[in-house]
Amino acid sequence: MSLLGKYLKGWRLRANRPTLEVGSEIDVFVAETNGTSGRAYIGDTELIVEGAGPEAVEKQVRVRVTEFDETTASGRGELVEIVGESSYSG
């Protein structure tokens, strides 16, 4: 393996439209809510989070992905738990 190959081993590019696997759990920040569900954005991917009410806005939450459409880069998930605070809130 070349020196450059060793240096770049394990590197990969991040996508602005990441795909999510149904059943996986991810940590995201809830940007807004309509009172019963919230919206989280991961790059250009939008995730509707069921059960994320006003108390979850601007908080880091763990979400279990229940649906995902790779074509539209959008999906749905259910709130598992609030895991942290945003460094911008307060």
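Definitions and limits used
Residues numbered from 1 in each chain as written. Predicted model: local features only at pLDDT ≥ 70, side-chain atom pairs only at ≥ 80, totals over all residues. Heavy atoms only, no water. Core = buried A, V, L, I, M, F, W, Y, C linked by side-chain atoms within 4.5 Å. Buried < 20%, exposed > 50% of the residue type's maximum accessible area, 1.4 Å probe, protein only. Helix = DSSP H or I, 4+ residues; strand = E, 2+ residues; numbered from the N terminus. Contact = heavy atoms within 4.5 Å. Pairing = 2+ DSSP bridges. Axes fitted to C-alpha atoms, helices over the stretch in contact; angles between N-to-C directions. Polar contact = N/O pair within 3.5 Å; in protein donor to acceptor, adjacent residues only side chain to side chain.

> Would you mind going over the nonpolar core in detail, with residue names and values included?
Core analysis: the largest hydrophobic core is formed by 12 residues, namely Leu-20, Val-28, Val-30, Ala-40, Leu-47, Val-49, Ala-52, Ala-56, Val-61, Val-63, Val-65 and Phe-68. Contributions of two or more residues to this core are made by β1 (25-33), β3 (45-50) and β4 (59-69). What Leu-20 contacts, discounting residues up to four positions off in sequence, is Ile-26, Ile-42, Thr-45, Leu-47, Val-65 and Phe-68.

> So what's going on with the sheet that holds β1? Residues and values would help.
Spatially, the 5 strands close up into a barrel ordered β1-β2-β3-β5-β4, and their pairing is mixed. Along the sheet, successive strands turn relative to each other by an average axial angle of 50°, direction set aside. As judged from the 6 bridges shared by strand β2 (residues 37-42) and β3, these two strands associate in the antiparallel manner. If you follow Ser-37 over to β3, its bridge partner there is Glu-50.

> How would you sum up the environment of Arg-76? Please name residues and give values.
Within the secondary structure, Arg-76 is located in strand β5 (residues 74-85). Along the sequence, Arg-76 and Arg-39 sit 37 residues apart, while their C-alpha atoms lie 9.2 Å from each other. Excluding residues that lie within four positions of it along the chain, Arg-76 makes contacts with Leu-47, Ile-48, Glu-50, Val-65, Thr-66 and Glu-67.

> Describe the environment of Gly-35, and please don't skip the residues or the numbers.
Note on placement: Gly-35 falls in the loop between β1 and β2. Spatially, the C-alpha atoms of Gly-35 and Ala-52 are 7.6 Å apart, while their sequence positions differ by 17 residues. Setting aside anything within four residues of it in sequence, one finds Gly-35 in contact with Gly-53 and Pro-54.

> An account of the environment of Ser-74 is requested, with residue identities and associated values reported.
Secondary-structure assignment places Ser-74 in strand β5. We classify Ser-74 as partly exposed; its relative accessible area is 24%. Spatially, the C-alpha atoms of Ser-74 and Asp-44 are 8.7 Å apart, while their sequence positions differ by 30 residues. A polar side-chain atom of Ser-74 sits 2.7 Å from a polar atom in the side chain of Thr-72.

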